[in-house]
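# Understanding the architecture of this molecule
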Amino acid sequence: MSGTAITEESKVKQNKLSRLVAAAACAVSLAGVHAAAAPMKTVTMMVGGIDKQIYLPYQLAQDLGFFKKYGVNMVLSTEQEGGIGAEDAMVSGQVDMAGAWYVHTIDFQQHGKAVVDIVQLSGAPGERILCTRQSGVKTPADWKGKSVGVTDLGSGTDDLTLYLAARYGLSTKDFTRVGVGAGPTLIGAMQHGRVACAMTTQPTVNAVEKMGIGHSTIDLATGPGVNKWLGGYWPTAAVLARADWVKAHPKTTQAVVDAMVETMHWIHTHSAEQIADNLPKDFVSNPLSSKAEYVRALNEDKGQFLPDGLMPAGGPQTVYQVEKLAGKIRKPVDLAVTYDNTYAEKANAMLKAAAK
């Protein structure tokens with residue numbers, strides 16, 4: 001074969017190869033366009049007080065970009081004082097999910113509604129019971145004859161108050177529960193002597209102590225605290241959804257849990273100051289608390305957040321006992337269907353594999 005023929009054959013092969021490479025590049029480019037054009041799944045979630053420190057993982061997941069990372073366009077909202085609660089908005093279909101306490105799954109089951117906890121964020125309520133110095137209260141037994149502030153009658157803080165009272169031998173006739181909300185309304189109730197004690201979270205705790213109105217008497221914000229006062233881990237902040245919604249949207253459910261579990265890993269491996277730096281400025285610095293005070297409080301209570309999004313062993317039983325002593329259990333309860341660890345387990349396995 002002549003050199004000219006060889007050259008022509010080489011050119012043909014080269015041109016063919018070039019066309020194949022160009023075609024492949026075009027295909028990759030089009031795939032990228034289609035991927036970029038594919039709409040993200042929009043999910044709506046209402047949180048029971050999104051600026052409260054106990055509920056910080058939801059906004060943190062948003063601000064760290066983890067929802068978008070897993071293909072979710074998360075639309076967060078927060079319940080307003082006097083408005084519909086996050087869990088009620090979820091169960092009525094106004095939003096897809098609720099950032100709320102695990103206990104609501106039990107409450108809803110009592111009313112024939114199937115709600116499931118798909119990822120557990122905390123193992124303690126994050127609450128502290130503040131008492132005025134003149135009250136002389138050291139344990140719930142000292143509430144006898146006094147008024148104790150809760151967020152609202154029938155709320156999670158009300159249930160905890162009833163449970164603590166029962167553990168220390170008091171009935172509802174021995175003391176008075178008063179709905180005082182949080183923030184300025186709670187502070188005003190303590191200042192004016194309407195209540196001797198009140199249950200609340202950060203940043204209200206810090207504001208009350210800074211103003212000298214009261215001090216933290218009962219710690220329900222850390223593992224040791226809940227084990228001492230409640231007899232075990234008491235899972236609270238979680239992502240709740242209707243069981244039928246979860247069944248109809250398994251991939252979207254998994255994506256939301258992936259984002260939340262990665263957030264819990266991030267919280268576990270970063271300092272309180274780093275967490276505060278990644279939250280909205282008005283969450284960490286406001287009339288109730290300076291950023292430095294917020295960080296100090298978070299350092300104290302950071303242990304409430306679970307690193308893996310899994311329901312703590314025995315947690316549902318402890319919550320059930322609280323509800324039972326509070327007089328909320330009127331029908332048999334199937335705890336096994338109130339939470340589902342499988343989504344968090346898959347998320348943890350995925351993150352572990354990605355880290356290798």
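This one's a predicted model, so the numbers in the text were calculated from it and none came from an experiment.

The next point concerns the environment of K210. Within the secondary structure, K210 is located in helix α8 (residues 204-211). Owing to a relative accessible area of 46%, K210 belongs among the partly exposed residues under this scheme. It is 8.9 Å that separates the C-alpha atoms of K210 and S289, two residues lying 79 residues apart in sequence. Contacts of K210, omitting those with residues within four sequence positions, involve L288, S289 and E293. Of the polar contacts made by the side chain of K210, one reaches the side chain of E293; its length is 3.1 Å.

Now for the packing of helix α2 (residues 56-63) against helix α11 (residues 250-268). Taken N-terminus to C-terminus, the directions of α2 and α11 make an angle of 100°; their axes are 9 Å apart at the nearest point. In terms of orientation, α2 and α11 fall into the roughly perpendicular class. On α11, the residues touching L56, P57, Y58, L60 and A61 of α2 are A259, M260, T263, M264, W266 and I267. Looking at the contact of α2 with α11 residue by residue, the classes come out as 10 nonpolar, 1 polar and no charged.

Below, the discussion takes up unusual backbone geometry. For the bond from Q202 to P203, the omega torsion is 10°, close enough to zero to count as cis. Counting through the fold element by element, P203 comes out in the loop between β8 (197-200) and α8.

Applying the stated criterion across every chain, the model contains 4 aromatic pairs. Ring geometry for Y55 and Y58: centres 6.1 Å apart, planes at 50°, overall tilted. For Y55, a relative accessible area of 7% gives the class buried. Aromatic side chains W143 and F175 sit 5.7 Å apart centroid to centroid with 35° between the ring planes, which places their arrangement in the tilted category. Of this pair, W143 sits in the loop between β5 (127-131) and β6 (147-150) while F175 sits in the loop between α6 (156-167) and β7 (176-179), placing them 32 residues apart in sequence. Taking relative accessible area as the criterion, W143 reaches 0% and is therefore assigned buried.

Judged by nonpolar contacts, the single largest core of 80 residues is most densely connected at L56, Y58, M97, W143, L220 and M260. A per-element tally of this core places α11 first, with 9 residues. Not counting chain neighbours up to four residues away, the residues in contact with M260 comprise P57, Y58, A61, F67, V119, L121 and V239. Within the second largest apolar cluster, 14 residues are counted, among which are V180, A189, V205 and L288.

The 5 strands are arranged β7-β6-β8-β5-β9 in an open sheet whose pairing can be described as mixed. Only two strands of the sheet have a single partner each, and these edge strands are β7 and β9 (215-220). For this sheet, the mean angle separating the axes of adjacent strands, direction not counted, is 25°. As paired strands, β5 and β9 are joined by 5 bridges and run antiparallel to one another. Paired with L130 across the bridge in β9 is S216. Where helix α7 (residues 184-191) meets the sheet, its contacts fall on β5 and β8, and the angle it forms with β8 comes to roughly 165°.

What counts and how
Residues numbered from 1 in each chain as written. Predicted model: local features only at pLDDT ≥ 70, side-chain atom pairs only at ≥ 80, totals over all residues. Heavy atoms only, no water. Helix = DSSP H or I, 4+ residues; strand = E, 2+ residues; numbered from the N terminus. Buried < 20%, exposed > 50% of the residue type's maximum accessible area, 1.4 Å probe, protein only. Contact = heavy atoms within 4.5 Å. Polar contact = N/O pair within 3.5 Å; in protein donor to acceptor, adjacent residues only side chain to side chain. Axes fitted to C-alpha atoms, helices over the stretch in contact; angles between N-to-C directions. Parallel < 35°, antiparallel > 145°, perpendicular 65-115°, else oblique. Nonpolar A, V, L, I, M, F, W, Y, C, P; charged D, E, K, R; others polar. Phe/Tyr/Trp six-rings, centres within 6.5 Å; stacked < 30°, edge-to-face > 60°. Core = buried A, V, L, I, M, F, W, Y, C linked by side-chain atoms within 4.5 Å. Pairing = 2+ DSSP bridges.

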